[in-house]
Amino acid sequence: MNNSNKIIIAIDGYSSTGKSTLAKHLAKELGYVYVDTGAMYRAVAYYAMKQGLIDENHFDKEGLISDLNKIDLNLQFNAKLGYAEIFLNGENVESFIRSIEVSNMVSKVASISEIREKLVEQQQKMSLDKGIVMDGRDIGTVVFPEAELKLFMTASAENRAQRRFKEMTDNGVQIQYETVLENVTSRDHLDTTRDDSPLVKADDAIEIDNSDMNVDQTFEVAMRYVKERLNS
Ligand code: DC
């Protein structure tokens, strides 16, 4: 496949629908670059937490906005892992940003327009060579409205919480299923109701409800759409 055949694949959808697992798998299969934009918002939330700008009871939005020029995000491909890891001001923060603490703060941080503007600009610059699979909430609507293929992932909240719960407990995290479900539903609410770039399905996106599909089945369905698009 030559460069001119390469496309942009935008994957949006609700949290814990397996977007990043699918995006990684597609990128590997196609030899494309995978970009996890959620990791970028999570890294900014992690920065805000470390600086004491946000906790359960307060959020110093202005403080975080004025610190934006001190936040340098960098994605570096790790060949062993097969995907890019995120660095915040030179520090690899991959292992910190998936915690429930960061998950509980990230949607608030992602609702700030100044932050979205900065991250969207950085994301748009990554598409110069096409051949990219990017996942997030606003990729098909805001970041790449011209993407050749847009997938929109959904699944029931209970199903998604169950998956996230299993993933966390498999990784040795002690947590109640109800806590995970509460995080999933509250993030759904914040992500879909925020003023700036709320999570919505783009008109030309293809919806995939994978409540009753496993990882391989989801990949097969998505790959069918990719092939259709590449052959059209
Ligand atoms: O995909 P994720 O769960 O890692 O994303 C973390 C949070 O970041 C999610 O609650 C919404 C926000 N986000 C966003 O607003 N826009 C994106 N493009 C990606 C993530």
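Described in the following lines is the structure provided in the data block. Source: prediction; values computed, not measured.

## Observations concerning the sheet that holds strand 4 (residues 83-88)
- The strand order across the open sheet formed by three strands is 3-4-5, and the pairing between neighbours is antiparallel. Looking along the sheet, the strands with just one partner apiece sit at the ends: strand 3 (73-78) and strand 5 (91-92).
- Two strands pair when backbone bridges link them, and strand 3 and strand 4 are joined in this way by six bridges, in the antiparallel orientation. The partner of Asn 78 across the bridge, within strand 4, is Tyr 83.

## A look at the site of the ligand
- Close to the ligand lie 15 residues; Arg 42, Arg 116, Asp 138, Arg 187 and Arg 194 are nearest.
- Between the ligand and Ser 107 there is a distance of 3.0 Å, counted from an oxygen atom to a side-chain nitrogen or oxygen.
- Contacts to the ligand include Arg 116, whose side-chain N or O atom sits 2.8 Å from an oxygen atom.
- For the ligand, whose unbound accessible area comes to 450 Å², protein coverage reaches 96%.
- Elements represented by at least two residues in the shell around the ligand include exactly helix 2 (37-50), helix 4 (100-110) and helix 8 (177-193).
- Here the shell around the ligand is composed, by residue class, of four nonpolar, four polar and seven charged.

Thresholds, definitions, all that
- Residues numbered from 1 in each chain as written.
- Predicted model: local features only at pLDDT ≥ 70, side-chain atom pairs only at ≥ 80, totals over all residues.
- Heavy atoms only, no water.
- Pairing = 2+ DSSP bridges.
- Helix = DSSP H or I, 4+ residues; strand = E, 2+ residues; numbered from the N terminus.
- Near = heavy atom within 4 Å.
- Polar contact = N/O pair within 3.5 Å; in protein donor to acceptor, adjacent residues only side chain to side chain.
- Areas by Shrake-Rupley, 256 points an atom, 1.4 Å probe, with all protein chains shown as cover.
- Nonpolar A, V, L, I, M, F, W, Y, C, P; charged D, E, K, R; others polar.

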